[in-house]
Amino acid sequence: DTEVTQTPKHLVMGMTNKKSLKCEQHMGHRAMYWYKQKAKKPPELMFVYSYEKLSINESVPSRFSPECPNSSLLNLHLHALQPEDSALYLCASRPTSGEWYEQYFGPGTRLTVT
Amino acid sequence: EDQVTQSPEALRLQEGESSSLNCSYTVSGLRGLFWYRQDPGKGPEFLFTLYSAGEEKEKERLKATLTKKESFLHITAPKPEDSATYLCAVQARGGGADGLTFGKGTHLIIQP
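These numbers were taken from a predicted model, which means no experiment stands behind them. Within each chain, residues carry numbers counting from 1 in the order of the written sequence. Following the order in which they are written, the chains are lettered starting with A and the ligands numbered starting with 1. With pLDDT at 70 or above as the cut-off, local features in this predicted model cover only qualifying residues; side-chain atom pairs require 80 or more to be listed or tallied, and sums for whole chains, interfaces and linings still use all residues. With hydrogens and water stripped out, all remaining heavy atoms of the structure feed into the side-chain values.

(A) Representation of the overall build of chain A in the model. Helix numbers and strand numbers start at the N terminus; a helix is a DSSP run of H or I with at least 4 residues, a strand a run of E with at least 2. When you go through chain A residue by residue, the secondary structure sums to zero helices and eleven strands. Tracing chain A from N to C terminus, the helices and strands come up as β-β-β-β-β-β-β-β-β-β-β. Its C-alpha atoms give chain A a radius of gyration of 13 Å, within 12% of the compact-globule value 13 Å for 114 residues. If one aligns the C-alpha atoms of chain A with their principal axes, the spans along those axes are about 45 × 25 × 20 Å. For the exposure calls, accessible area comes from a 1.4 Å probe over protein chains only, and a residue counts as buried if that area is under 20% of its type's maximum, exposed if over 50%, partly exposed in between. Considering chain A as a whole, with its 114 residues, one finds that 49% of them fall into the buried category. Both definitions apply: the radius of gyration is a C-alpha atom measure, and the globule rule equals 2.2 Å times residues to the power 0.38.

Here it is, written out as C-alpha cells:
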C-alpha cells in the first residue's frame, strides 16, 4: 500500500481565516513533505520533516506553519493568507530505508483564498 | 544549482503512435531520477526510479532509460488513457531528506 491521504480535498478561505490541511500515511515513512503547485507549474518544495523534526524550510512565509505531531501525520496551518497563495497543496512521504528515495504523493488539497 | 529541463512542453499523438519524452538534468551528484504521471487536479503518481546510467525500467507501455545527462520516457503504442502530464524529477546527493527538483513537465495528449 502506497497511499497518502489528504483532507480536505477542497478549501475556500478568506484572508482573515485560520484553517489547517491534514496529511496522513501508514507506510512507516519517516520523511514527509509539503509542496505547493500552481496551475501548469511543477511542484515546489515548502517543508521537509525527517523523523518528525523540521529539517528544511524553503523560505516559506510565516503565514504557513507546518506541524508533525507523530510519524503518521503532517499538518499545515494557514493564517492570513493572500489570494496568490491559492494553489494545489501536495503532501508526500518516502521511506528512509531500502530504496528510500522515491516519494509518494497524496491527491492534494485545492486551496482558494478569497 | 540543480536543473531539470523537459521537452517537448506538449505533445499530441494519435493512438498507437509511439514517441519519446526527454528529461535533461544538471545535478552535482545524482542520487536518483524519478518519473511521475500527473492527471489534472491530482497528485503526481510515481512511475519509475532510475539510479545509474544505463539503467532501464518498464511498466506496461512505458519504458524509462537513463544516461549521464538525460533520461527518456518511451511510450509504445499509446492509448487515450495515457494522456497526462509527465514529470521528471531529480534528487541530488547531499544527505538528509531533501526534496525533489522537478522539470516543468510534458503535457501528453493521445487522440483516439
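Next comes the rest of the write-up.
(B) Representation of the packing of aromatic side chains in the model. All names here are of chain A. Pairing of aromatic rings covers Phe, Tyr and the six-membered ring of Trp, with a centre-to-centre limit of 6.5 Å; geometry is then stacked below 30 degrees between planes, edge-to-face above 60, and tilted otherwise. Within the structure shown, the criterion is met by nine aromatic pairs over all chains. Relative to phenylalanine 105, the ring of tyrosine 35 lies with its centre 5.3 Å away and its plane at 50 degrees, an arrangement referred to as tilted. A residue pair is termed long-range when its members are at least 10 positions apart, and tyrosine 35 in strand E4 (residues 31-37) and phenylalanine 105 in strand E10 (residues 104-105) qualify at 70 residues. Judged by its relative accessible area of 0%, tyrosine 35 falls in the buried class.

(C) Region of interest: the state of the cysteines. All names here are of chain A. Here, two cysteine sulfur atoms that lie within 2.5 Å of each other are counted as a disulfide. Counting across every chain of the model gives two disulfides over all chains. Through a disulfide, cysteine 23 is tied to cysteine 91; the S-S separation comes to 1.9 Å. Classification of the bridge connecting cysteine 23 and cysteine 91 rests on its S-S torsion, roughly -65 degrees, and on that basis the disulfide is left-handed. A residue pair is termed long-range when its members are at least 10 positions apart, and cysteine 23 in strand E3 (residues 18-25) and cysteine 91 in strand E9 (residues 87-94) qualify at 68 residues.

(D) Local environment of the interface of chain B and chain A. It only takes one pair of heavy atoms within 4.5 Å for two residues to be counted as in contact. Of the residues lining the interface, 22 residues belong to chain B; the matching set on chain A comes to 23 residues. Once two parts are put together, the accessible area they lose, assessed with a 1.4 Å probe and summed over both, is termed the buried area. For the chain B and chain A pair, buried surface summed over both sides reaches about 1700 Å², with 58% attributable to carbon and sulfur atoms. For this document, the term salt bridge refers to a Lys or Arg side-chain nitrogen within 4 Å of an Asp or Glu carboxyl oxygen. Our count for the contact surface shared by chain B and chain A stands at zero salt bridges. What qualifies as a polar contact is a pair of N or O atoms within 3.5 Å, subject to a donor-acceptor requirement within protein and to the restriction that residues adjacent in sequence count only when both atoms come from side chains. Viewed at the interface, chain A and chain B are joined by five residue pairs in polar contact (both at pLDDT 80 or more). Those elements that provide at least two residues to the side of chain B that touches chain A are strand E4 (30-38), strand E5 (45-50) and strand E9 (84-92) of chain B. Considering each element in turn, the side of chain B that touches chain A owes the most residues, four residues, to E4(B).

(E) Structural context of the environment of Leu11(A). All names here are of chain A. Following the sequence through the fold, leucine 11 ends up in strand E2 (residues 10-13). Distance from leucine 11 to tryptophan 34, taken between C-alpha atoms, is 16 Å for residues 23 residues apart in sequence. When neighbours within four sequence positions are excluded, leucine 11 is seen to be in contact with Lys19, Leu21, Leu78, Thr109, Arg110, Leu111 and Thr112.

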